[in-house]
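# Inside the fold
For reference, the chains in residue letters:
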Amino acid sequence: MWALVINIILGLWIMASPDILSFADPVAADNNHIVGPLIITFAFTALWEATRTVGKWNIPLGAWLFIAPWALSFEDKNALVNDMIIGAVVFLLSFVKGKITQHFGGGWIALFKRNPEHIQKTK
Amino acid sequence: MAIDKKDIPPIPPGWDYNPASWSQRIPIIVLAIIGMFIALYLGLYQLDIINSVWEPFFGDGSITILNSKVSNVLPIPDAILGAIGYFIDALTGVIGGTRRWRTMPWITIVFGFAVGPLGVVSIMLVVFQPVLFDAWCTLCLASAVISVAMIGPAMDEVLASLQYMQRVKRSGQSTWKAFWGIKEVVLKVA
């Protein structure tokens, strides 16, 4: 839960940082304007236990932020440092699953299982 | 096997709460209605029915965004389409009783499809604002926040319906009939 909240805040920061730090590099700004809203969306949706796995979708996004300065050859040093640090933190925090207290008949994965929890419960 | 729809346990098997209960659905419906009014307001501006729009933070941002090419790519302005989307969300949120994950899977699945893609479109529009037009629009962002907030709480009901459809399929009954909530199948499969 706390990891998701931090990722939401970091996503907001990624979205706002090109304007706050006045990135000189338009490619870096575009990249953050695209990735930021996605990080927020995935972390926010994962706040609900039934869709907790969506939080994992931020693992590749965090990794992308980490390598983007090199892949897109950022010229702005602020953008480079900013994205690498935040990217690494988002990447690591996306592995934190948090507590799941509710039961969902085996969850989404149940739909692909031979004998999922919800079918066992009806017998 | 249930004799009447009222005998169906409201909590799906293997769950510890009912995702179709009113306490689960009302917050989503309220969000959809708020989103609908915001979108309607923006749409009225796009239709030139009102001639200014509230923008506390980003100067000409809202005006730039709401008059952009992307927002007028379809015959009706995008905010009006958004309002229609929110209306469908609210309507499919209201229809059906607290056992609707089993008695009418079609409605929960339409509900899920209305909430999901609407959220995706909202995020796309948020991305377009700075990337294509170098501007932000406060109420457009507010609308996007609302549609994203609806995704998480709406999906559990979709999951309950899909699991039910899975049980119908395993039991050899018609998934088509179950999807539309035909009574004989709905009562037969737990």
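Residues numbered from 1 in each chain as written. Chains lettered and ligands numbered in written order. Predicted model: local features only at pLDDT ≥ 70, side-chain atom pairs only at ≥ 80, totals over all residues. Heavy atoms only, no water.

### Here's the deal with the packing of aromatic side chains
- Applying the stated criterion across every chain yields a total of twelve aromatic pairs over all chains.
- Ring geometry for Phe104 of chain A and Tyr17 of chain B: centres 5.9 Å apart, planes at 90 degrees, overall edge-to-face. Taken together, the residues span two chains, with Phe104 of chain A in the loop between helix 4 (77-93) and helix 5 (117-120) and Tyr17 of chain B in the segment before helix 1 (22-46).
- Judged by relative accessible area, Tyr17 of chain B falls into the buried class, the value being 12%.
- For the pair Trp106 of chain B and Trp180 of chain B, a centre-to-centre distance of 5.8 Å together with 35 degrees between the ring planes defines the contact as tilted. With Trp106 of chain B in helix 5 (residues 105-133) and Trp180 of chain B in the loop between helix 7 (175-179) and helix 8 (183-188), the pair connects residues that are 74 residues apart, well separated along the chain.
- The partly exposed category is assigned to Trp106 of chain B, whose relative accessible area is 25%.
- Through a chain of ring-to-ring contacts, three or more aromatic side chains come together here, namely Trp106, Trp176, Phe179 and Trp180 of chain B.
- Across the ring face of Trp22 of chain B, the terminal group of Arg25 of chain B is positioned such that the distance to the ring centre comes to 4.0 Å.
- The ring of Phe111 of chain B carries the charged tip of Arg100 of chain B above its face, separated from the ring centre by 5.2 Å. (Phe/Tyr/Trp six-rings, centres within 6.5 Å; stacked < 30°, edge-to-face > 60°. Helix = DSSP H or I, 4+ residues; strand = E, 2+ residues; numbered from the N terminus. Buried < 20%, exposed > 50% of the residue type's maximum accessible area, 1.4 Å probe, protein only. Lys NZ or Arg CZ within 6 Å of the ring centre and 35° of its normal.)

### Thoughts on the nonpolar core
Residue and element names in this part refer to chain B.
- Within the largest apolar cluster, 27 residues are counted, with the highest numbers of intra-cluster contacts made by Leu42, Leu66, Tyr86, Val115, Cys140 and Met150.
- Where this core is concerned, the elements lending two or more residues are helix 1, helix 2 (61-66), helix 3 (78-94), helix 5 and helix 6 (138-170).
- Counting residues per element, this core draws most heavily on helix 6, which supplies eight residues.
- Listed in part, the 20 residues of the second largest apolar core include Ala2, Ala20, Met165 and Phe179. (Core = buried A, V, L, I, M, F, W, Y, C linked by side-chain atoms within 4.5 Å.)

### Quick word on helix 6 of chain B
Residues and elements named next belong to chain B.
- Taking 1.5 Å of rise per residue, the 33 residues of helix 6 would be expected to cover 48 Å, and the 49 Å separating its terminal C-alpha atoms lies within 8% of that figure.
- Where helix 6 bends most, at Pro153, the angle is about 35 degrees.
- Positive phi shows up at Gly172, right after helix 6, with a value of about 80 degrees. (Expected span 1.5 Å × (residues − 1). Bend = angle between axes of the 7 residues up to and from the residue.)

### Quick word on the packing of helix 2 (residues 26-45) of chain A against helix 5 of chain B
- Orientation of helix 2 of chain A relative to helix 5 of chain B, taken along the N-to-C sense of each, is 155 degrees, at an axis distance of 9 Å. Here helix 5 of chain B runs roughly antiparallel to helix 2 of chain A, going by the angle between their axes. Crossing of helix 2 of chain A over helix 5 of chain B shows right-handed handedness. Contact residues: Asp30, His33, Ile34, Pro37, Leu38 and Thr41 of chain A in helix 2 of chain A; Ile123, Val126, Val127, Pro130 and Val131 of chain B in helix 5 of chain B. (Axes fitted to C-alpha atoms, helices over the stretch in contact; angles between N-to-C directions. Parallel < 35°, antiparallel > 145°, perpendicular 65-115°, else oblique. Left-handed = near helix turned anticlockwise from the far one by under 90°. Contact = heavy atoms within 4.5 Å.)

### Considering the pattern of salt bridges
- Across all of its chains, the model carries three salt bridges over all chains by this definition.
- Note that Glu117 of chain A is salt-bridged to Lys121 of chain A, the shortest N-O span being 3.6 Å.
- Note that Glu157 of chain B and Arg100 of chain B form a salt bridge whose closest N and O atoms lie 2.5 Å from each other. Of the two residues, Glu157 of chain B sits in helix 6 while Arg100 of chain B sits in helix 4 (residues 100-103), which places them 57 residues apart along the sequence. (Salt bridge = Lys/Arg side-chain N within 4 Å of Asp/Glu carboxyl O.)

### Some words on the confidence of the model for chain A
- The pLDDT averaged across chain A works out to 93; a share of 100% of its residues lies at or above 70.
- Looking over chain A, one finds the lowest element-wise mean pLDDT in helix 5 of chain A, namely 90, and the highest in helix 3 (residues 58-71) of chain A, namely 96. (pLDDT = per-residue confidence, 0-100.)

### Observations concerning the state of the cysteines
Residue and element names in this part refer to chain B.
- For the coordinates displayed, the defined rule picks out one disulfide over all chains.
- With a sulfur-sulfur separation of 2.0 Å, Cys137 is cross-linked through a disulfide to Cys140. Its S-S torsion of about 70 degrees marks the bond between Cys137 and Cys140 as right-handed, since a negative value means left-handed. We note that Cys137, like Cys140, is buried. (Disulfide = S-S within 2.5 Å.)

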